[in-house]
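# A closer look at the structure
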Amino acid sequence: MIERSEAALRTVPHPVAPDHGAEPVRAPVPGAAGLAVREAVERPRRPARVIAVFPSAVYLRLNGGCEPRVVALVGSDGMRPANSIVVPAGVKQQPFAGVREGDTAWVGDGYAEAGGLRVRVKRWWDSRPVLGPLPEARLRHGAMLLETALDPRACGLAGHPGPAALAAGCAAGDLAQAVQAAERIVGLGPGLTPSGDDVIAGMLLSLRLLGEVTTGGSRAVWLADWLGAAVTTDAETRTTSLSASLLHCAAAGQPSGEAAAVLRALAGREALAPAVRRLVASSRYSGADLAWGLLAGCRAVLALNRPSSRLASA
């Protein structure tokens, strides 16, 4: 889970209040945005609300429109979710010092604005990693290394039966069991991204992205399609605004920069241990929860690739 913000709890409709104390908008700074937010940024300018502020990031919730409805403004040295716009300043430069929770913000016409900060998107980046083609033996080796690198006590839902039931349902290709297990943990846990959502997001990312590049992975992609559709339906009524947006990103195969690095490592395209350390260190629980979801999804892809699984689903 991403660290908790007092004002960013379960989503309820918010009226847009006038921002009487806003600072004057400064000259725009250049930004680089994930493709996940391209539609939101390129649409006509519309109001948003600041739902959380941290030294390394602020989160803006758009009033209506398609997902992701939450757009993150992040510093150059912060974590990079798929729905983010990166500004050219790190924590030491305090790029978000003038932003306050509850402020009115604006997104559109190529800009994002909040608390006197005006960011003009100058370029785009694709969060989907290049992974394949991926031999099964390499993926199996990557899964073994990832399991060794993770601490089972670090997961925010350690001891809860939900994640294990979700992993078992996906490994068996049992959509009904997987959906039932996911329903039990959506929104479970405190914070802006509850632990249950992070586990599900990791699972969806592995099923889709690893399944797409592994021979015989079509069953995993099929499972990602239907499980993703199930968990994102009415997600904003069951979890936080930010977490709902990130679940939509995961269902579409759009990981954070840190999760993408672990996926590349699973595919043998970079060293795994440093990638896992960066992901786990990115937040108190969220990184570890995502990593466990990625591992469970990786195992499911391998299990569904067995001849018996393919024959059973024929």
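The following refers to the structure shown. What you see is a predicted model; the values in this text were computed from it and never measured.

### Remarks on the pattern of salt bridges
- Across all of its chains, the model carries 12 salt bridges by this definition.
- One salt bridge connects Arg 61 with Glu 236, and the closest N-O pair in it is separated by 2.9 Å. Highlighted residues: Arg 61 in strand 3 (residues 57-62) and Glu 236 in the loop between helix 6 (218-232) and helix 7 (241-251), separated in sequence by 175 residues. As far as the burial class goes, Arg 61 and Glu 236 line up, both buried.

### Considerations on the nonpolar core
- Counting 54 residues, the largest nonpolar core has Leu 166, Cys 170, Ile 200, Leu 207, Leu 210 and Leu 227 as its most contacted members.
- Looking at this core, the element that brings in the most residues is helix 10 (residues 286-304), giving 11 residues.
- Ignoring any residue separated from it by four or fewer positions in sequence, one finds Leu 166 in contact with Ala 178, Ala 181, Ala 182, Ile 185, Val 199, Ile 200, Met 203 and Leu 227.

### Re unusual backbone geometry
- With an omega of 0 degrees, the peptide bond running from Glu 67 to Pro 68 counts as cis.
- Positionally, Pro 68 belongs in the loop between strand 3 and strand 4 (70-74).
- The omega torsion of the bond from Gly 132 to Pro 133 falls at 5 degrees, within 30 degrees of zero and hence cis.
- The phi dihedral of Asp 109 is positive, around 55 degrees, even though this residue is not glycine.
- Examined against the element boundaries, Asp 109 turns out to sit in the loop between strand 6 (104-108) and strand 7 (111-114).
- For Asp 234, which is not glycine, the phi dihedral falls at a positive 55 degrees.

Scoring rules and cut-offs
Numbering of residues starts from 1 in each chain and follows the order in which that chain's sequence is written. This being a predicted model, a pLDDT of at least 70 is required before a residue's local features are given, and a value of 80 or more before pairs of side-chain atoms are given or counted; all residues contribute to the totals for chains, interfaces and linings. By convention in this description, side-chain values take in all heavy atoms of the structure and omit both hydrogens and water. What counts as a salt bridge is simple: a side-chain nitrogen of Lys or Arg found within 4 Å of a carboxyl oxygen of Asp or Glu. Each helix is a run of DSSP H or I of at least 4 residues and each strand a run of E of at least 2, with the numbering of both proceeding from the N terminus. Relative accessibility under 20% of the residue-type maximum defines a buried residue, over 50% an exposed one, and the middle range a partly exposed one, all with a 1.4 Å probe and only protein chains included. Nonpolar cores are built from buried Ala, Val, Leu, Ile, Met, Phe, Trp, Tyr and Cys residues. Side-chain atoms within 4.5 Å join them into one set. Any two residues having at least one pair of non-hydrogen atoms within 4.5 Å are treated as being in contact.

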